[in-house]
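# Results of the structural survey
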Amino acid sequence: MIRVSLPLRSLATLALAVAVATCSDAPTGAPTGAPAPARSTGPTRVALAATFSKSAAAVYAQRSEFTGVSFDHVRVILRSAAGDAVVKDTTLEFSPSSPDVTLEFTIDGAQPGDKFPVELQFLSGGTPIYKGTGSAQAYSAQGTAPTPTPVVVVYVGPGASATRITVAPKTISLVSPSTATFSVSAFDANGAPVTNVPLNWKTSDPSIATITLGGVLTTTGKRGTVTVTATTVTSLTDQGTVNVTLPPSAMVLFSGGGQIGKVGTTLGQPAVVRVTASDGVGVAGVNVNFAPPAGGKVGSTSIATDASGAAATSMTLGTTVGTQGFAATTAGLSVGISATATVGDPTAVVAVSGGGQTDTVKHALKNPFVVRVTDQFGNPVGGVTVTWSRIAGSGSLSGASSTSAADGSASIGYTLGTVVGTETISASILGGASTTFTAQAISAGASTLTTVSGSGQTGRVTQALAAPFVVKVTDDVGNPVAGATVTWAATNGTIAATTTTDATGQSSNTLTLGSVAGAAGATASVGTGPAAKSVSFSATAVAGIVAKLQFGGLPTGGTAGAILAPALTVELRDALGNLTAATNSVTIAIGTNPGGGTLGGTVTKAAVAGVATFSDLTLSAAGVGYTLVASSSGVPSVTTPAFTVATAGGGGPTTKTWTGAVSTDWSLAGNWSGGVPTATD
């Protein structure tokens, strides 16, 4: 049995020893291959010393700059001489701040000269951070202790297998104040990713930007470029670049302000603004928003500043004459860009007033025709020549052209022509734009009255004539006068008292004939007093249809067998008693036949101009109280008064007296007494 004593010095002493003894990663200690000491039966010990390699010592030296590279325990593993069994595995709490300790333990059956494989592990949370292996030789406790066998310790903690790292992002631009996070990707010799690599971050100029151990970079408010370096615990490095600019603090108009142009046109120069930081340097990548005035437009509403901090856009003026304001804004900054819009080219001429007037022929209109000349947006344009011309009518303009005033207005006078009707006048400008006016010429008043038609008609009594009487009223130049009042008066008839002339100057009225056949007519007149004008119309009223018979001439008596005298006439009259012009046949027959005589002569005659004349009638026998009856188709028959027919060659008749009345149609009502009446009765 042997007892092993393993001194563990505090890490402060160990670090110093390592710094002196580890000029390379080769282990330090007694040379190998020394002859084995003689075997002894007394106490046996082993001597060994932990020696950090150069790289492990470098990692340990940076323990304050990295996380996960310190340790809190030490593990000692001692194997059998044959290496096939663990004879001792001991872990004890031990940190860089721990005091020196000595680990003692015994190994059964060990003899001086025996060699035991040994492994040392410096642990953090149970995970090896540093590890070393070696071989320790036993020696007799009574003999001289040999030089401790060195156990070379190397770094085996997080990131130990990494052979290459890459920083991301490689290049980044920031506007201060701002932050950015960097990261590292690590790979081993086979290109496989390595995780949890302890890193140390630094910037080339902390006055511009600083970075935390977690890779979070923060700008300080100073412009410049810094290099960001990531270093692993095993001294692998990679870099990224950060360009730091300052935020915009001012925006000014660089060029393009104060331009003048016509409304609606694009100005000759673009508007250029410049965004600068507090140090006066232009700020790139800032979005500048451009806004036009009402009716205007800009080439682009949002433009990013270039490397010098400038942004530009074209400007198109709005539609209103005068000062117009464009604007550029960004991040609470703004600048106005003024421009002046002048009136555009004349493109339109519009009627303002004067149209639609009405006046008598040959009169100058009360109001002139007025137009306004404008550009395409309705702005008035002065100094433009307006050409006037008559399109329809016979009037005259006061001039061939006029010039628009500052408000765009131009006017011209006009005198109506001699022809009643609509007159049309045109106003035009160079380029073809035009407008028109109309005026109405009306008659100056009635001057002449003439008949047009209707005179000389013939119609039946009490009936309206087939055609009206038509007159025409004209003025002193022959234009028809509309709306004139015509006064009418009728002869043998009725007619409307007044009528009014139409647009052609004509007026009509219909005469209804009176009840008397014969001449009829009407008089039409306009005006009053000495200036009155009148015309006459004639007409003829003819009788109506045959409605009754009436005797004209009546026989007063005669001698039997002789022609009755005077001749009997029968008139064909209408219902009003007017003699017609009918040619109807009339037949005469004996009514009362006191002598039993026979009627001789022509008893049926056709009327001539409404009168049937019977001039050869005879009665064959004498008698007192003969009557004759006249008849015609379609009308009542009539009977003559009684008369006496004497005997041929005989004495005169006895005087008789008639009591009664004679009607207008010569029919008798009453009685004879005392025999046959004589002619004197």
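Residues numbered from 1 in each chain as written. Predicted model: local features only at pLDDT ≥ 70, side-chain atom pairs only at ≥ 80, totals over all residues. Heavy atoms only, no water.

## Here we look at the packing of aromatic side chains
Per the counting criterion, the structure on display carries 15 aromatic pairs. On the basis of an interplanar angle of 65° and a centroid distance of 5.7 Å, the ring pair of tyrosine 130 and tyrosine 155 is categorised as edge-to-face. Here the residue tyrosine 130 occupies a position in strand E8 (residues 127-140), and tyrosine 155 occupies one in strand E9 (residues 149-155), the gap between them amounting to 25 residues. Each member of the pair, tyrosine 130 as well as tyrosine 155, carries the same accessibility label: buried. Pairwise contacts between aromatic rings join Phe52, Tyr60, Phe71, Phe122, Tyr130 and Tyr155 into one cluster. (Phe/Tyr/Trp six-rings, centres within 6.5 Å; stacked < 30°, edge-to-face > 60°. Helix = DSSP H or I, 4+ residues; strand = E, 2+ residues; numbered from the N terminus. Buried < 20%, exposed > 50% of the residue type's maximum accessible area, 1.4 Å probe, protein only.)

## Comments concerning the sheet that holds strand E48 (residues 518-526)
With mixed pairing, the 5 strands of this open sheet are ordered in space as E41-E49-E48-E43-E45. Edge positions in the open sheet fall to strand E41 (457-460) and strand E45 (498-500), since each of these has one partner strand only. Neighbour-to-neighbour, the strand axes of the sheet open up by a mean angle of 30°, direction not taken into account. In this structure, strand E43 (residues 485-491) lies alongside E48, joined through 5 bridges in antiparallel fashion. Looking across to E48, one finds that threonine 487 is bridged to serine 525. (Pairing = 2+ DSSP bridges. Axes fitted to C-alpha atoms, helices over the stretch in contact; angles between N-to-C directions.)

## Looking at the pattern of salt bridges
Taken as a whole, this structure holds 5 salt bridges when the rule is applied. The residue aspartate 279 makes a salt bridge to arginine 223 at a minimum N-O spacing of 2.7 Å. In this pair, aspartate 279 sits in the loop between strand E22 (271-276) and strand E23 (287-291) while arginine 223 sits in the loop between strand E17 (216-219) and strand E18 (224-232), placing the two residues 56 residues apart along the sequence. When its relative accessible area of 40% is taken as the criterion, aspartate 279 is described as partly exposed. With a shortest N-O distance of 2.5 Å, arginine 573 and glutamate 571 are connected by a salt bridge. Note on accessibility: arginine 573 and glutamate 571 belong to one class, buried. (Salt bridge = Lys/Arg side-chain N within 4 Å of Asp/Glu carboxyl O.)

## As for the sheet that holds strand E50 (residues 548-551)
Read across the open sheet, the 3 strands follow the order E50-E52-E56; overall the sheet is antiparallel. Each edge of the open sheet is held by one strand with a lone partner, namely E50 and strand E56 (611-614). Direction aside, the axes of adjacent strands within the sheet are offset by 25° on average. As paired strands, E50 and strand E52 (residues 568-573) are joined by 4 bridges and run antiparallel to one another. The partner of phenylalanine 551 across the bridge, within E52, is valine 570.

## Details of the confidence of the model for the chain
Considering every residue of the chain, the mean pLDDT works out to 86; 87% of them sit at 70 or more. Overall, residues 1-40 carries pLDDT values under 50, and its contacts beyond four positions in sequence, including any with other chains, amount to 91 contacts. Considering only residues more than four positions removed or in separate chains, one finds that residues 651-681, a stretch of pLDDT under 50, has 54 contacts. (pLDDT = per-residue confidence, 0-100. Contact = heavy atoms within 4.5 Å.)

## Regarding the side chain of threonine 316
Considering the arrangement of structural elements, one finds threonine 316 in strand E27 (residues 315-316). Here threonine 316 falls in the buried class, since its relative accessible area comes to 9%. At a separation of 2.8 Å, a polar atom in the side chain of threonine 316 contacts the side chain of threonine 266. (Polar contact = N/O pair within 3.5 Å; in protein donor to acceptor, adjacent residues only side chain to side chain.)

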